[in-house]
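Coordinate analysis (summary)
Each chain is listed here by its residues.
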Amino acid sequence: MVVVLGMALLGAILGGLKARKRNGSGADIAQYAAGYGIAFALVGLILSLILVRMVG
């Protein structure tokens, strides 16, 4: 669970920074942050499942 939330937060930060670098408006920054957050959370979920399978 911590991996998923951490990855989602990392993705949201990276997405927001990328949109800001491209001179996006507030809506653009929010959309990039949400999109990257969801994508990174999905990757974190997969990593979490792999780790659980390897340990247990």
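Residues numbered from 1 in each chain as written. Predicted model: local features only at pLDDT ≥ 70, side-chain atom pairs only at ≥ 80, totals over all residues. Heavy atoms only, no water.

Some thoughts on the overall build of the protein
- Of the regular secondary structure elements, the protein holds 2 helices and 0 strands.
- Expressed as lengths along the three principal axes of its C-alpha atoms, the size of the protein is roughly 45 × 15 × 15 Å.
- By the burial criterion, 20% of the 56 residues in the protein qualify as buried.
- Here the analysis covers contacts within the protein between residues at least 6 apart in sequence; of these, 58% occur between residues at least 24 apart.
- Here the protein displays about 4200 Å² of accessible surface, and carbon together with sulfur accounts for 74% of that area. (Helix = DSSP H or I, 4+ residues; strand = E, 2+ residues; numbered from the N terminus. Buried < 20%, exposed > 50% of the residue type's maximum accessible area, 1.4 Å probe, protein only. Contact = heavy atoms within 4.5 Å. Areas by Shrake-Rupley, 256 points an atom, 1.4 Å probe, with all protein chains shown as cover.)

Some thoughts on a nonpolar patch on the surface
- On the surface, a nonpolar cluster with roughly 1000 Å² of combined accessible area is contributed by Val3, Leu42, Val43, Leu45, Ile46, Leu47, Leu49, Ile50, Leu51, Met54 and Val55.
- Considering each element in turn, the nonpolar patch owes the most residues, 10 residues, to helix H2 (residues 26-55).
- Counting through the fold element by element, valine 55 comes out in helix H2. (Patch = residues over 30% accessible without salt bridge, like charges linked within 9 Å, V, L, I, M, F, W, Y side chains within 5 Å. Salt bridge = Lys/Arg side-chain N within 4 Å of Asp/Glu carboxyl O.)

Describing H2
- The end-to-end C-alpha distance of H2 is 42 Å, a good match for the 44 Å that 30 residues give at a rise of 1.5 Å each.
- Of all the positions in H2, only Ala33, Gly37, Ala41, Gly44 and Ser48 are classed as buried.
- Lining the buried residues of H2 we find helix H1 (2-21). (Expected span 1.5 Å × (residues − 1).)

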